[in-house]
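Architecture and fold: a report
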Amino acid sequence: MVQYFHRIPSGYSSFPTDFWHPVSGNVQPLISDQISLCGRYEGLPGWELSAELYYKMQSGVVDYIDSYAPLGTSQAHWSGSVASGKGSGMGMELMARKTSGPLTGWLGYTLSGSTRIYPEGTINNGIPFPSSTDRRHRINFCATWAVNEAVDITLSWTFASGSPITMPLRSAAIYDESRKNEDTVRYIDYAPSRNNFRLPPIHRADISVNLRKPLKRGERIWTIGLYNLYGANNPDFFRYMKTSDTIIGSDSYYPDKPGGTPFIRTVSYLLVIPTVSFSRNF
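The shown structure was predicted, so the numbers you read here are calculated from the model rather than taken from an experiment.

1. Quick look at the overall build of the protein
Of regular secondary structure, the protein possesses zero helices and 19 strands. Here the protein holds 282 residues, and 27% of them are scored as buried. Counted over contacts in the protein with a minimum sequence separation of 6, partners at least 24 positions apart contribute 61%. Summed over all atoms, the accessible surface of the protein reaches about 18,000 Å², with 58% contributed by carbon and sulfur.

Okay, here's the thing in structure tokens:
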């Protein structure tokens, strides 16, 4: 596969806020080769069992260099702020599917890993590190119960390991004595390696009910559902902070910790969300 648009992770949110940039004279396209081996077993009536192994090799993988901060920076000359390297990934996927009867569905598990390396040393000193899409464990479950010809209920559940992010572990205070009346202090954060910290795993359940009515031509379907059924606090946005940072109504997030102790504050936006949709099939 050859891809002529590069997806560059922002590293600050699980929302789709990553930057997409086309190739240029300085940035070559992403080239990916994948080898896979799969097998399927259908010897059990009403069941399908499958397994797949894969290995992926990539070249032309693009990411921001260590001295570049994507937030608050112009994207006009982005090609001078990125480096091109190599990537690899491997994994195993297992799936069991029930295909007959009033209750159908499937259960899948994926074990995978994805790494990046930039031999020129512009990122992580040329040492391999996990990519932002590296999620070691994934579990997906989906079940559909056909109550009758007019009503069916679908319940799904998903789990995924947290994605890696770069977390500074300490900071240095630099004093500027050029001002006469007071000292000016600025802090420089230090992260020992790229993507050295992993966010907590995410999980949620969704449920939906389809109400079907046959018509002269096709059918009419009302769908009522709930997203994130049990209100899991999955991190949608995170922010690197220190114990000296303050918020309204509080002197410190963690007053029992030494001043300047780094931590990650996560924010969850998408809790329980009701959904209603209408479709007309002809």
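That was the structure; now back to the text.
2. Remarks on unusual backbone geometry
Unlike most non-glycine residues, N125 shows phi in positive territory, near 55°. Take N125: it is sitting in the loop between β7 (103-117) and β8 (129-130). In this model, N228 sits at a positive phi of 60°, which is unusual for a non-glycine residue.

3. Some points on the layout of surface pockets
Its volume calculated, the second largest pocket comes out at about 180 Å³. Looking at the second largest pocket, it is lined by 14 residues, and the ones nearest its centre are S50, E52, E93, L94 and M95. Looking at the lining of the second largest pocket, the elements with two or more residues in it are β4 (30-41), β5 (47-64), β6 (82-98) and β7. Taken together, the residues that form the lining of the second largest pocket break down as six nonpolar, five polar and three charged.

4. Some details on a nonpolar patch on the surface
On the surface, L107, F141, L155, W157, L226, L229, Y230, L271 and V272 cluster together into a nonpolar patch covering about 710 Å² of accessible area. Taking relative accessible area as the criterion, L226 reaches 31% and is therefore assigned partly exposed.

5. Structural notes on the packing of aromatic side chains
Geometry of an aromatic ring pair is reported as the spacing of the ring centres plus the angle between the planes. The full count for this structure, using the stated rule, is three aromatic pairs. Look at Y118 and F129: their rings are 6.1 Å apart centre to centre, the planes differ by 15°, and that puts the pair in the stacked class. With a gap of 11 residues between them, Y118 in the loop between β7 and β8 and F129 in strand β8 connect regions that are remote in the sequence. Relative accessible area serves as the criterion here: at 1%, Y118 is assigned to the buried category. Aromatic pair W157 and F159: ring centres 6.4 Å apart, planes at 20°, arrangement stacked. For W157, a relative accessible area of 30% puts it in the partly exposed group. Positioned over the ring face of F129 is R194, at 5.9 Å from the centre of the ring.

6. Some words on the pairing of strand β9 (residues 137-146)
Both β7 and β9 contribute to a ladder of nine bridges, which runs antiparallel. Residue pairing in the sheet places T104 in a bridge with T144 of β9.

7. Section: the side chain of T223
Residue position: T223 is located in strand β16 (residues 219-227). Of note is the side chain of T223, whose polar atom sits 2.6 Å from the side chain of N210. When neighbours within four sequence positions are excluded, T223 is seen to be in contact with S208, V209, N210, T275, V276 and S277.

8. Looking at the pattern of salt bridges
Evaluated as defined, the whole model comprises seven salt bridges. Of the charged contacts in the structure, one is a salt bridge between R198 and D134, with a shortest N-O distance of 3.0 Å. On the criterion of sequence distance, the pair formed by R198 in strand β14 (residues 197-198) and D134 in the loop between β8 and β9 is long-range, its members being 64 residues apart. For R198, a relative accessible area of 32% gives the class partly exposed. When the shortest N-O distance is used, the salt bridge between R204 and D206 registers 3.1 Å. By sharing partners, the salt bridges in this structure join D134, R136 and R198 into a single network.

9. Description of the confidence of the model for the protein
For the protein, the average pLDDT comes to 84, and 83% of its residues sit at 70 or higher. With pLDDT under 50 throughout, residues 248-252 is counted as low confidence; its partners more than four residues away or in other chains account for four contacts.

Reading the values: the criteria
- Residue numbers run consecutively from 1 along every chain, following the written order of its sequence.
- Selection of residues for local features in this predicted model requires a pLDDT of at least 70, selection of side-chain atom pairs for listing and counting requires 80 or more, and totals for whole chains, interfaces and linings are taken over all residues.
- Derived side-chain values reflect all non-hydrogen atoms in the structure, with water molecules and hydrogen atoms excluded from consideration.
- Each helix is a run of DSSP H or I of at least 4 residues and each strand a run of E of at least 2, with the numbering of both proceeding from the N terminus.
- When a residue's accessible area, from a 1.4 Å probe over protein chains only, is under 20% of the maximum for its type it is buried; when over 50% it is exposed; and in between it is partly exposed.
- Every residue pair with non-hydrogen atoms within 4.5 Å of one another is taken to be in contact.
- In this description, accessible areas are obtained by the Shrake-Rupley approach with a 1.4 Å probe, and a residue is regarded as covered only by the protein chains that are shown.
- Think of a 1 Å grid over just the protein atoms. A cavity is a set of points where a 1.4 Å probe fits yet cannot get out, a pocket is an open set with protein on both sides within 12 Å along at least five of seven lines, and lining residues have an atom within 4 Å of a point.
- Grid points are joined across faces, edges and corners, and a volume is the space filled by probe spheres set on the points.
- The nonpolar class holds Ala, Val, Leu, Ile, Met, Phe, Trp, Tyr, Cys and Pro. Asp, Glu, Lys and Arg form the charged class, and all remaining residues, Gly among them, are polar.
- Patch criteria: residues need more than 30% relative accessible area and no salt bridge. Like-charged residues are merged within 9 Å; nonpolar side chains of Val, Leu, Ile, Met, Phe, Trp and Tyr are merged within 5 Å.
- Salt bridges are counted wherever a side-chain nitrogen of Lys or Arg sits within 4 Å of a carboxyl oxygen of Asp or Glu.
- Pairs were defined over the aromatic rings of Phe, Tyr and Trp, the Trp ring being its six-membered one, requiring ring centres within 6.5 Å. Orientation was assigned from the angle between planes: stacked under 30 degrees, edge-to-face over 60, tilted for the rest.
- Over a ring means this: the NZ of a Lys or the CZ of an Arg is within 6 Å of the ring centre and within 35 degrees of the ring normal.
- At least two bridges found by DSSP between two strands are what make those strands a pair.
- Identification of polar contacts relies on pairs of N or O atoms within 3.5 Å, with a donor-acceptor requirement for protein atoms, meaning one able to donate a hydrogen and the other able to accept it, and with residues adjacent in sequence counted only if both atoms are side-chain atoms.
- Confidence of the predictor at the level of single residues is captured by pLDDT, which takes values from 0 to 100.

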